[in-house]
Amino acid sequence: MPSRKFADGEVVRGRWPGSSLYYEVEILSHDSTSQLYTVKYKDGTELELKENDIKPLTSFRQRKGGSTSSSPSRRRGSRSRSRSRSPGRPPKSARRSASASHQANIKEARREVEVKLTPLILKPFGNSISRYNGESEHTERNDVPHKNTQEKFNLSQESSYISTQYSLRPRREEVKLKEIDSKEEKFIAKELAVRTFEVTPIRAKDLEFGGVPGVFLIMFGLPVFLFLLLLICKQKDPSLLNFPPPLPALYELWETRVFGVYLLWFLIQVLFYLLPIGKVVEGTPLIDGRRLKYRLNGFYAFILTSAVIGASLFQGVEFHYVYSHFLQFALGATVFCVVLSVYLYMRSLKAPQNDLSPASSGNAVYDFFIGRELNPRIGTFDLKYFCELRPGLIGWVVINLVMLLAEMKIQDRAIPSLAMILVNSFQLLYVVDALWNEEALLTTMDIIHDGFGFMLAFGDLVWVPFIYSFQAFYLVSHPNEVSWPMASLIIVLKLCGYVIFRGANSQKNAFRKNPSDPKLAHLKTIHTSTGKNLLVSGWWGFVRHPNYLGDLIMALAWSLPCGFNHILPYFYVIYFTMLLVHREARDEYHCKKKYGVAWEKYCQRVPYRIFPYIY
Ligand SMILES: NC(=O)c1ccc[n+]([C@@H]2O[C@H](COP(=O)([O-])OP(=O)(O)OC[C@H]3O[C@@H](n4cnc5c(N)ncnc54)[C@H](OP(=O)(O)O)[C@@H]3O)[C@@H](O)[C@H]2O)c1
Ligand SMILES: CC(C)=CCC[C@@H](C)[C@H]1CC[C@H]2C3=C(CC[C@]12C)[C@@]1(C)CC[C@H](O)C(C)(C)[C@@H]1CC3
């Protein structure tokens, strides 16, 4: 009996009949009489292939520089069925301007095998370069705003996957198709050179956060919600069942002096950010292969800020002013964030296509929210990177300190309550950890994928400092005595959460930095065709987002010191669960696109997303 080279279930590359392109397929079976393999393409198409038309995954050359063989945006719409085609060809709609006769020629030549198919494509994913691993056409999205530029350099790189294997189609016809392919590519290359700077909108169904109505609601709802929460919390009985207090008039909330103090705070942080201390590292590669440089001095900024705060306290600066004008500060920060968001949107209109975020859509409202420009910079000053960790995150710790002092003053205490000490120290640890591990921020979704717009500006500058300090704010007017045994339990919970959070993040960061790190040699991985593998044991074999689990456990430990009289201090846990469940879904979607079957395998091996045996 003749031997077979490939086993059932093996994932290989199968040549698409009539083309020189290879796609990822799974071997379903082998017929020993006809010597044909039945293979399944990623869109579900099953075909029979000869052994010569199948190659192991490893036999494909890895391309340097992470550029792509083709962009998914070039594939046809889900209803348009095509024979395999050259990756250089844009979708029909993009070629409407082409001469009718040229189109007719192409259609004419493509009259036979008509199936839906997704070629193996390398696709840049935000800042990071990852190989597009095949997904069915109906999930295709045009979310790479640089599509046209991308397509342009794809044209020259197709050869990486081209083999000289014979075709299943008659030779003469194959030659004809190739001629047409080459003619068409030349034509497209010309067309693309003209279209390079066009904006390519994402299809409406691909917009996240509920699309335009969703982001509209978030942008107006969140600030109102923030003020309501702060007002409710200031009430004697902060029950949610009580009628919410009316929002004060705007003129009562606006204080120019407060805004001045806020600006001063912001400028001090800018100054610390600009100090030439701390090492400079490179971010993940951008769509055009460039890597931006970032100076890691967040921890120094924190030390310097602590020194300034300590000196101010020593000088008798009245920090109670921040507590007594808390709503005014929140409004000042909100106004600043709106102005910043408008500035960010305006400047993004002049930004080159290559600098736009993969999340931007072409819709003004949506882009204002999600951010149009990926890494807006003024010289070397990176606005998003700065805002993500400095004024808001360090501001959160300062606000907590303000609350601790306010508690002592209002409740006439010689020392802060145990509850306040727990909340302050837990959150201090969280912020210091973030600043100490600053480099890890460079691989987060926020830096790689999302632009800098209202969402992150508001999240970083308003939501984090004024909502994340909510437990401390609550304790100022609603004291809760925590017993030592209870405190010990809460500390254990916080430490458990921290160990999971830090362990998971460090494991992944170390693995991404150096996959062959001897310290990680005991971990199992799943191979993906992007060149990056997935951890499938250790923390990442426990659940698919162990870092989120740890973060949520810590969030619970931050709320428990506030007792059980009201649900309000648990708002953070509830909000954070929703944020991370949504974030997990977004990440899952991106990973599926990046890793294809490998991700599906990972999901099979690690079935729970965040909470083991629950979700
Ligand atoms: N306090 C807050 O408000 C807040 C909000 C959000 C997030 N966070 C925290 O911020 C941290 C970062 O979160 P994040 O949302 O940016 O995402 P993350 O979980 O750190 O990163 C997700 C990425 O990790 C990689 N990955 C996923 N599974 C993997 C595996 N098995 N092996 C190796 N790599 C894998 C994938 O990217 P690649 O494969 O491309 O590397 C994936 O896109 C988390 O600890 C989170 O809890 C805090
Ligand atoms: C409410 C709205 C519109 C958005 C909220 C999002 C925003 C608050 C978060 C999005 C990404 C988050 C984040 C951190 C804080 C909260 C966000 C900005 C983070 C800085 C917290 C500390 C961590 O160690 C981290 C990994 C550096 C976090 C990065 C992501």
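Being a predicted model, the structure only gives us computed values, none of them experimental.

Visitor: What am I meant to see in the UniProt feature "transmembrane region" (unreviewed entry) in the protein chain here?
Guide: Feature annotation in UniProt assigns "transmembrane region" (unreviewed entry) to the following positions: residues 212-232, 258-275, 296-314, 326-346, 414-432, 452-470, 482-501 and 552-576. With 89% helix and 0% strand, residues 296-314 has its two end C-alpha atoms placed 29 Å apart.

Visitor: Honestly, the site of ligand 1 in this entry has me stumped. Any pointers?
Guide: Around ligand 1 sit 27 residues, and of these Y468, R512, Y548, D551 and Y595 come closest. Y430 is positioned with one of its side-chain polar atoms (N or O) 2.7 Å from a nitrogen atom of ligand 1. Measuring from an oxygen atom of ligand 1, one finds a side-chain N or O atom of R583 at 2.6 Å. In isolation ligand 1 offers 910 Å² of accessible surface; the protein chains occlude 88% of this area. Looking at the shell around ligand 1, the elements with two or more residues in it are α17 (484-513), β13 (534-535), α18 (546-559), α19 (571-595) and α20 (597-605). Of the residues that constitute the shell around ligand 1, the class distribution is 16 nonpolar, four polar and seven charged.

Visitor: How should I be thinking about the site of ligand 2 in this particular structure?
Guide: Near ligand 2 you find 16 residues, and of these L222, A434, D446, D460 and R583 are the closest. Here ligand 2 has 620 Å² of accessible area as a free molecule, and 85% of this is covered by the chains. Mapped onto the shell around ligand 2, the elements with two or more residues apiece are α11 (383-389), α13 (418-436), α15 (454-467) and α19. In terms of residue count, α15 provides more of the shell around ligand 2 than any other element does, five residues in total. Across the shell around ligand 2, the residue classes break down as eleven nonpolar, one polar and four charged.

Visitor: When you look at helix α6 (residues 256-274) in this model, what are you seeing that I'm missing?
Guide: Every α-helical turn comprises 3.6 residues, leaving residues that sit three or four positions apart pointing alike. Taking 1.5 Å of rise per residue, the 19 residues of α6 would be expected to cover 27 Å, and the 27 Å separating its terminal C-alpha atoms lies within 8% of that figure. Within α6 the residues assigned to the buried category are V258, F259, Y262, W265, F266, Q269, V270, F272 and Y273. Looking straight down α6, one finds that the buried residues subtend no more than 165° of arc, so they occupy a single side. Exposed residues lying more than 90 degrees from the buried face of α6 are T256, R257, L264, L267 and L271.

Visitor: Is there a simple way to explain the layout of surface pockets in this structure?
Guide: Space left empty within the atom packing is revealed by a probe, the size of a water molecule, rolled over the atoms. Taken as a whole, the second largest pocket encloses approximately 580 Å³ of empty space. Considering the residues around the second largest pocket, the lining is formed by 27 residues, among which V261, W265, F319, V322 and V398 are closest to the centre. Counting residues per element, the ones that place at least two in the lining of the second largest pocket are α6, α7 (298-314), α8 (320-324), α9 (326-348), α12 (391-410) and α15. When residues of the lining of the second largest pocket are assigned to their parent elements, the largest contribution, seven residues, is made by α6. For the lining of the second largest pocket, the per-class residue count stands at 20 nonpolar, five polar and two charged.

Visitor: Any chance you could explain the packing of helix α4 (residues 211-234) against α9 here in plain terms?
Guide: Two numbers describe a pair of packed helices, the interaxial angle and the distance between the axes. Running from N to C, α4 and α9 point in directions that differ by 170°, and their axes come no closer than 11 Å. Between α4 and α9, the crossing angle belongs to the class labelled roughly antiparallel. Each of P223, L226, F227, L230 and L231 in α4 lies in contact with α9, whose residues at this interface are F326, L327, A330, L331 and T334.

Visitor: How do you make sense of the environment of V462 when you look at a structure like this?
Guide: Within the secondary structure layout, V462 lies in helix α15. With near-sequence residues (within four places) excluded, V462 lies in contact with L226, A330, A333, T334, C337, A457 and I467.

Visitor: Explain the confidence of the model for the protein chain here, please?
Guide: Confidence along the protein chain averages 77 in pLDDT terms, with 74% of residues attaining 70 or more. Contacts of residues 61-205 to residues separated by more than four positions or lying in other chains number 336 contacts, the stretch itself having pLDDT below 50. Listed scores for the predicted complex are pTM 0.72 and ipTM 0.95.

Visitor: Help me out: how do you make sense of the sheet that holds strand β1 (residues 11-15) in this one?
Guide: Within a sheet, each strand pairs with its neighbour through backbone hydrogen bonds, oriented either parallel or antiparallel. Taken in spatial order, the five strands of this open sheet run β4-β3-β2-β1-β5, and their pairing is antiparallel. Here the strands that pair on one side only, and so sit at the sheet edges, are β4 (46-50) and β5 (54-56). Looking at each pair of strands side by side, their axes are set apart by 50° on average, direction ignored. By the bridge criterion, six bridges tie strand β2 (residues 22-31) to strand β3 (residues 36-41) in an arrangement that is antiparallel. Its bridge partner being in β3, D31 is matched across the sheet by L36.

Visitor: Just to check I follow, could you spell out the pairing of β2 for this structure?
Guide: Two faces belong to every sheet, and in a regular strand the side chains alternate between them. Alignment of β1 against β2, held across five bridges, turns out to be antiparallel. Within β2, the residue paired with R13 across the bridge is E24. The turn joining β2 and β3, which pair antiparallel and follow one another in sequence, is formed by four residues; a positive phi near 60° is taken by Q35.

Analysis parameters
Residues numbered from 1 in each chain as written. Chains lettered and ligands numbered in written order. Predicted model: local features only at pLDDT ≥ 70, side-chain atom pairs only at ≥ 80, totals over all residues. Heavy atoms only, no water. UniProt positions renumbered as here; feature names shortened; annotations may be inferred. Helix = DSSP H or I, 4+ residues; strand = E, 2+ residues; numbered from the N terminus. Near = heavy atom within 4 Å. Polar contact = N/O pair within 3.5 Å; in protein donor to acceptor, adjacent residues only side chain to side chain. Areas by Shrake-Rupley, 256 points an atom, 1.4 Å probe, with all protein chains shown as cover. Nonpolar A, V, L, I, M, F, W, Y, C, P; charged D, E, K, R; others polar. Expected span 1.5 Å × (residues − 1). Buried < 20%, exposed > 50% of the residue type's maximum accessible area, 1.4 Å probe, protein only. Arc of directions from axis to C-beta. 1 Å grid on protein atoms, 1.4 Å probe; cavity = no way out; pocket = protein on both sides within 12 Å on 5 of 7 lines; lining within 4 Å. Points joined across faces, edges and corners; volume = space filled by probe spheres on them. Axes fitted to C-alpha atoms, helices over the stretch in contact; angles between N-to-C directions. Parallel < 35°, antiparallel > 145°, perpendicular 65-115°, else oblique. Contact = heavy atoms within 4.5 Å. pLDDT = per-residue confidence, 0-100. Pairing = 2+ DSSP bridges.

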